[in-house]
Amino acid sequence: MMMSPGRSHRLAPRRIMYRAQLNGPDDFEGWRRAARAFAIAGIAPAEINWQVDGDSGDLFAVTPAPAALPPTSAAIFSVPRPFVELAETAILHRDPQRFALLYALLLRVREHPSSLEDRADPLLRRVEGLAKAVRRDLHKMRAFVRFRELADADGPHFVAWFEPDHHIVRANAGFFMRRFASMRWSILTPEISIHWDGETLSEGPGATRADAAVDDPVEEIWKGYYAAIFNPARLKVGAMLSEMPRKYWRNLPEATLIPGLVAGAQAREAAMIATPPKPAARQGNADAAWQALRDEATGCTRCPLYRDATQTVFGEGPVDAPLMFIGEQPGDQEDLAGRPFVGPAGQLFDQALEEAGIDRSRTYITNAVKHFKHERRGKRRIHQTPETPEIQACRWWLEQERDLVRPRIIVALGATAGRALIGKAVTIGRWRGAPIALESGAQGWITVHPSFLLRMPDPSRRVEERARFISELRAIGEQVKALA
Ligand code: URA
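Attention here is on the structure that accompanies the text.

Calculation rules
Residues numbered from 1 in each chain as written. Predicted model: local features only at pLDDT ≥ 70, side-chain atom pairs only at ≥ 80, totals over all residues. Heavy atoms only, no water. Phe/Tyr/Trp six-rings, centres within 6.5 Å; stacked < 30°, edge-to-face > 60°. Helix = DSSP H or I, 4+ residues; strand = E, 2+ residues; numbered from the N terminus. Buried < 20%, exposed > 50% of the residue type's maximum accessible area, 1.4 Å probe, protein only. Lys NZ or Arg CZ within 6 Å of the ring centre and 35° of its normal. Near = heavy atom within 4 Å. Polar contact = N/O pair within 3.5 Å; in protein donor to acceptor, adjacent residues only side chain to side chain. Areas by Shrake-Rupley, 256 points an atom, 1.4 Å probe, with all protein chains shown as cover. Nonpolar A, V, L, I, M, F, W, Y, C, P; charged D, E, K, R; others polar. Disulfide = S-S within 2.5 Å. Pairing = 2+ DSSP bridges. Axes fitted to C-alpha atoms, helices over the stretch in contact; angles between N-to-C directions. Contact = heavy atoms within 4.5 Å. Core = buried A, V, L, I, M, F, W, Y, C linked by side-chain atoms within 4.5 Å.

Another point: the packing of aromatic side chains. Counting across every chain of the model gives 17 aromatic pairs. The interplanar angle of 75° and the centroid separation of 6.0 Å between the aromatic rings of Phe175 and Trp396 together place this pair among those described as edge-to-face. One end of the pair, Phe175, is in helix H5 (residues 169–179); the other, Trp396, is in helix H14 (residues 388–405), with 221 residues separating them in the sequence. Trp396 shares its class with Phe175; the two are buried. Every member of this aromatic cluster is reached through a ring pair, and the members are Tyr18, Phe28, Trp31, Phe38, Trp50, Phe99 and Tyr103. Here the guanidinium or amino end of Arg178 rests over the ring plane of Trp396, the centre of that ring lying 4.0 Å away.

Another point: the site of the ligand. Lining the immediate surroundings of the ligand are Gly327, Glu328, Gln329, Pro330, Gly331, Glu334, Pro340, Phe341, Asn367 and His449. Between Gln329 and the ligand, the recorded distance is 3.0 Å, taken from a backbone N or O atom to a nitrogen atom. In isolation the ligand offers 230 Å² of accessible surface; the protein chains occlude 93% of this area. In the shell around the ligand, the residues fall into three nonpolar, five polar and two charged.

Here the focus is the state of the cysteines. Two cysteines form a disulfide when their sulfur atoms are joined by a covalent bond. For the structure shown, the criterion picks out zero disulfides. Cysteine Cys303 is unpaired, with the sulfur of Cys394 as its nearest cysteine sulfur at 6.3 Å. The thiol of Cys394 is not disulfide-bonded; the next cysteine sulfur, from Cys300, is found 5.9 Å away.

Further remarks concern the sheet that holds strand E5 (residues 185–188). In spatial order, the strands read E3-E4-E5-E6-E7; together these five strands make up an open sheet with mixed pairing. Looking at strand neighbours, the two that pair on one side only are strand E3 (148–152) and strand E7 (201–205), the edges of this open sheet. Pairwise comparison of adjacent strand axes, ignoring direction, gives a mean angle of 25° for this sheet. Of the pairings in the sheet, the one linking E3 to strand E4 (residues 155–161) comprises five bridges and is antiparallel in character.

To continue, consider the side chain of Arg395. Topologically, Arg395 is positioned in helix H14. Reaching out from Arg395, the side chain makes a polar contact with the backbone oxygen of Ala420 at a distance of 3.1 Å. Contacts of Arg395, omitting those with residues within four sequence positions, involve Ala420, Leu421, Ile422 and Gly423.

Right, let's talk about the nonpolar core for a bit. Counting 110 residues, the largest nonpolar core has Trp31, Phe38, Trp50, Tyr103 and Phe325 as its most contacted members. No other element matches the nine residues that helix H4 (residues 122–144) contributes to this core. Those residues in contact with Tyr103 that lie beyond four places of it in its chain are Trp31, Ala35, Phe38, Ala39, Ile43, Ala44, Pro45, Ile48 and Trp50. With five residues, the next largest nonpolar core counts Val159, Leu188, Ala207 and Ala212 among its residues.

This next bit is on the environment of Arg135. Considering the arrangement of structural elements, one finds Arg135 in helix H4. Separated by 31 residues in the primary sequence, Arg135 and His166 place their C-alpha atoms 9.8 Å from one another. For Arg135, the residues in contact, after removing those within four places along its chain, are Thr89 and Glu439.

Attention now moves to unusual backbone geometry. Unusually for a residue other than glycine, Phe341 sits at a positive phi of about 50°. Looking at where Phe341 falls in the secondary structure, it is placed in the loop between helix H12 (332–337) and helix H13 (344–355). Residues other than glycine seldom take positive phi values, yet Arg406 does so here, at roughly 45°. In this structure, Arg406 sits in the loop between H14 and strand E12 (409–413).

Right, let's get into the sheet that holds strand E9 (residues 363–367). If you trace the five strands from one edge of the open sheet to the other, you get E9-E8-E12-E14-E13, paired in mixed fashion. The sheet is open, and its two edges are formed by E9 and strand E13 (436–437), each paired on a single side. Inspection of the sheet shows strand E8 (residues 323–327) paired to E12 by four bridges, in the parallel sense. By the bridge assignment, Ile326 is partnered in E12 with Ala412. Sitting on the sheet, H14 touches E8, E9 and E12, and the angle it makes with E9 is about 170°. On the sheet, helix H18 (residues 459–483) packs against E8, E12 and strand E14 (443–447) and is oriented at approximately 165° with respect to E12.

Structural data, given as structure tokens:
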């Protein structure tokens, strides 16, 4: 029985005509298949009851008559890639409405692809809000999982306990497999456990905190490391709490040190000022981690660009730099030299930095894409702008550089870097000139790429734009000093 809106004020049981059964709370492929079929059949969002295996169902739901939906193989149509990326993330949210919201958004985007640009649209904003919360949770898991060492007949086994807010564990498994490729580890969470034996990832049921070990030698190393990197001059309890919510403290061995370190912060700060800095343990650890990351990136095949490039051009600069610049991709000369910003754009950039009073050797400089994308014309190699999938593939490295360096300010030079920084397409004119609050707590800025200045045909406009670029850099340099 269908309700006729506006005629009756009595509550009638909701009539669900179709049931979509998903294999798990993060079953994006299942959702996509069903959503395509429903969309092609013209089914309205309110007519679908989305269910996840194992969840208790809606008693009013009626199993769909199979003939009511077209076969899946015929149910193909395309939607813009940014929608797919948004949906893949938002679907991991724990909000039970997410499947229906995404389906409603899919119908809209299918009809009007440009509706994805409508920032004021409440449905789009709600779905983006879900995706944002999920990204934050993914980041928290990467930052706060702490392994404890157990030993069994097969040798060391590292076990961690984590309580995510959303259904992110499977989506994050790849990160831990790559980061801890040669370790045997398990991550236990209330909903699911994942296990890596060095070759294969497997899944098990949810667990409890008691299933993870309590104290072990690895914790002592963590505590030593944390105490060494704890910088009392940077102590901001509010920021610390928002970055490391109390919920995670009980699983972090180093959290037991925090009250003592906070209490001693003033004394340590005074001592730090009085004593010349020694090579800190943090530096040693971070440098070693950066070196390992760089070595790993040398063999990167995450997208096809490595095939025609001479080498990976990784970021460079101090691993504790307060300021990070992200360019687009190495150019011809960078590709040969293996270093970022050493060609013509790099020379212009160096001059601009100098005029703005920024010391390049105290900044970390990297690129959104780490291989030179080009086409050959005779002997010349002509730059080509990287595409979204290449930028996406390379964000893997950029995010780890960001995690290691933890700069206070990150400046994206040009639209490609802007996309890599905030994860969506940017128009420089719209984003330029105002700081962006990044999820990591850092401040982001987006401005033009130096090669934009090099290419400007009109000399007087070039002078004008160059001056604007330098004044932006100068303001950013001032911010870095203010935040230090
Ligand atoms: N342009 C960039 O974006 N990066 C470089 O490293 C060189 C030129």
